[in-house]
Each structure stands twice: as structure tokens, then as C-alpha cells.
Amino acid sequence: MNWPVDLQEPMSMPDPSFPIKVNFCGSREYGQVLFPHHWHRHIEFIYVESGEALIECNAKPIHVQDGDLIVLNSNDLHQGISLSNQLVYYALIADLQSLQSPSQDAVETRFITPMSQNRLLFHSHIRGDTGLQNCMEEIIDEFRHPRIGHELSVKSLMYRLLTLLVRGYVADLSDWRHTENRMRNVERFTPILQHIEQHYAEEMNIEQLADLAGLSRFHFSRLFRELTGRTVTQYVNQVRINRAEYLLMNTGMTVSEVAMAAGYNDISYFSRTFKKYRDLAPSDVRAGRG
């Protein structure tokens, strides 16, 4: 399926002839957006070495910690937010075409092609699998300390990684038709999600957003909840509270200034909403930062 290019992440490779790479990533700020909503055709593996983060994959929030592996299938819409002041993680990104066979053998027809066509999907969150952890750490080490035969080693480890996933973490494909419908809705709602992320501090209402999507209010609200798992109000509040928490943790702005910057003109309403989403008052976050 062709996805909208405005949320597609450009995916350059250091070596186009070997389209597999590892990005070494981290954050020293609680609440920092690690990456905004985006998608790409490549498969991606996020491995957390230390710290905690919230990874949202296809509207599902996933709380990750040391040793966790996130699998982002081709075309998954994802976003990341740091939940600690010392976060270290690695992003392994691979073009599955690099693993294709020159002939249509069993590996190609039964596994690699279905993966590249989103007909074979993996669970998003994997915890406590030492085999996968060891495999990821070996791949990371190959990129940190490349030696002769680096490409051979990485490619063999990629096959091992995919083998472990096929044997233990294949998602249930019985609802594939629902998945296809959901992907079409993501394409349709991409401009809406972008508008909210860019204009969260401004006043917005369902009628305005429904007009942007060219839908009735009822149809828009139903599809939006199906896609994100939240009502429009809940989603907008979540974006605003994420931003407010970041400002409280990382700036000297007063609570009132943070409320205004996040789109809340009523400080009391801001405090109630913040506590509802975080189980803490804004002042408690400010007092406990660092």
C-alpha cells in the first residue's frame, strides 16, 4: 500500500549496497520526544539498553525498559517519548530486500516476501527473551566494532533474529482485513494527526477537524477512536499533557506559563487534567525533577 509521504521518514543508508544500519540513540531529558509520529517501509528493531521510554505503535502505548525489544513492522506508525533522564537505546533498521534470495527458494517465498508485504507480522513488544537480546547485542557489537567479514556476520545474525521471531512471535493474522482497513484510515487521518501535533496549543474542536478530513462529525469521531484508541478530546489532551510534562521537567517556566504554552487558559482545569493523565499535580512534577 502507498502511504502518505508527509509522515514517511527518509531512510538513507551509509552503504546503499548493504542497507542495514544501527543508530545509537539516547536522551538525558524526561519527556523528550525521541521521534515524532512517522512510518517507513523498512523493518525496525528498537533495543533498550538502559532507562525507560514510551513507544506508541499503531496507537498502542508500550512502556519499555532495560532489555526490551520493540519490533516495528513495515509501515507501522510509531512515536517515542523518553521516560527517564538517562535513556540509551539502539535502532536497527533493515531493508528486507537485502535478505532476499536471488532465486525463489523456500526462504524467499515463505518468509522474506510475506514480511516485506506485511503478510507476516511480528508482535510489537518482546520482554525477557535472552536469545533475542543476545542476537541484538551481537549485531550492535558488529556495528560498533566492524571487522573483516562484518557484512557476512550481520546478515547471518539478521537471519537468526528473524528465525527467532518467526518461531515465537508471529502475530495472529486472522484479522488481516481489519488491519488493511486500519491502514487506509491511517492514510486518511495523517493530516489530522499532523494538525493536532503542530497546533495543540490552539483552540480546536471536532467540527473543525472533521471538516479537514471531509467527514461528518459522527463518522469522524468513530473512525478517530478506532484508529487511535482515544476520543478526539482525549488525544488532544494527551498531546498537550506530554508537552506540558516536558516543559515542567526541562525549563524554568512557571506552572501557569506551562499551562498556557500547552494550550490551557484555565490553570485549574490544566491541573485537574494533568493529574488525571499523570496521577501527579504539575507542581509535584516540577518539585521532583532531576
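Residues numbered from 1 in each chain as written. Predicted model: local features only at pLDDT ≥ 70, side-chain atom pairs only at ≥ 80, totals over all residues. Heavy atoms only, no water.

### Focus: the packing of aromatic side chains
In step 1: Applying the stated criterion across every chain yields a total of eight aromatic pairs.
In step 2: Ring centres of Tyr 264 and Tyr 269 lie 5.9 Å apart, and the angle between their planes is 55°; on these two criteria the pair is classed as tilted.
In step 3: A relative accessible area of 3% means that Tyr 264 is categorised as buried.
In step 4: According to the relative accessible area criterion, Tyr 269 is partly exposed, its value standing at 35%.
In step 5: Of the aromatic side chains, those joined through ring pairs into one cluster are Phe 189, Phe 220, Phe 224 and Tyr 235.
In step 6: Between Arg 144 and the ring centre of Phe 24, over which it is positioned, the NZ or CZ distance is 5.1 Å.
In step 7: Lying over the aromatic face of Tyr 264, Arg 240 brings its terminal NZ or CZ to 5.5 Å of the ring centre. (Phe/Tyr/Trp six-rings, centres within 6.5 Å; stacked < 30°, edge-to-face > 60°. Buried < 20%, exposed > 50% of the residue type's maximum accessible area, 1.4 Å probe, protein only. Lys NZ or Arg CZ within 6 Å of the ring centre and 35° of its normal.)

### A closer look at the confidence of the model for the protein
In step 1: Chain-level pLDDT for the protein is 85 on average; 88% of the residues reach the 70-or-more range.
In step 2: For the protein, per-element mean pLDDT is lowest for helix α4 (residues 176-199), which scores 73, and highest for strand β9 (residues 125-126), which scores 97.
In step 3: Of the regions scoring below 50 in pLDDT, residues 1-8 engages in 26 contacts with residues more than four places distant in sequence or in other chains. (pLDDT = per-residue confidence, 0-100. Helix = DSSP H or I, 4+ residues; strand = E, 2+ residues; numbered from the N terminus. Contact = heavy atoms within 4.5 Å.)

### Observations concerning the pairing of strand β7 (residues 78-82)
In step 1: Of all five residues making up β7, five are buried, and the element is well covered by its neighbours.
In step 2: On β7, burial covers both faces: His 78, Gly 80 and Ser 82 on one face and Gln 79 and Ile 81 on the other are all buried.
In step 3: Direction of pairing for strand β2 (residues 33-38) relative to β7: antiparallel, over a ladder of three bridges. Paired with Phe 35 across the two strands is Gly 80, which belongs to β7.
In step 4: In the sheet, strand β4 (residues 53-57) pairs with β7 via five bridges, with the strands oriented antiparallel. Its bridge partner being in β7, Glu 56 is matched across the sheet by Gln 79. (Pairing = 2+ DSSP bridges.)

### Quick notes on the pattern of salt bridges
In step 1: With the rule as written, the count across this model stands at seven salt bridges.
In step 2: Across the pair Arg 147 and Glu 142 runs a salt bridge whose closest N-O atoms are separated by 3.4 Å.
In step 3: Using a relative accessible area of 52% as the deciding quantity, one classes Arg 147 as exposed.
In step 4: The network of salt bridges with common partners includes Asp 141, Glu 142 and Arg 147. (Salt bridge = Lys/Arg side-chain N within 4 Å of Asp/Glu carboxyl O.)

### Re the sheet that holds β9
Across a sheet, paired strands are connected by hydrogen bonds in the backbone, their directions being either parallel or antiparallel.
In step 1: A sheet is described by the order of its strands in space; here five strands give the open sequence β1-β8-β3-β6-β9, paired in antiparallel fashion. The two strands at the open ends of the sheet, each matched to only one other strand, are β1 (20-27) and β9.
In step 2: The sheet strands contacting helix α2 (residues 130-144) are β1, β3 (43-50), β6 (69-72), β8 (87-94) and β9, and the helix crosses β1 at an angle near 100°.
In step 3: The strands that helix α3 (residues 150-168) touches are β1, β3, β6, β8 and β9; relative to β3, the one it contacts most, it runs at about 90°. (Axes fitted to C-alpha atoms, helices over the stretch in contact; angles between N-to-C directions.)

### Observations regarding the sheet that holds strand β5 (residues 60-64)
In step 1: Across the sheet, which stays open at both edges, the four strands sit in the order β2-β7-β4-β5 with antiparallel pairing between neighbours. Both edges of this open sheet fall to β2 and β5, since each of them pairs with a single strand only. Strand after strand, the sheet turns through a mean of 20° between neighbouring axes, direction not considered.

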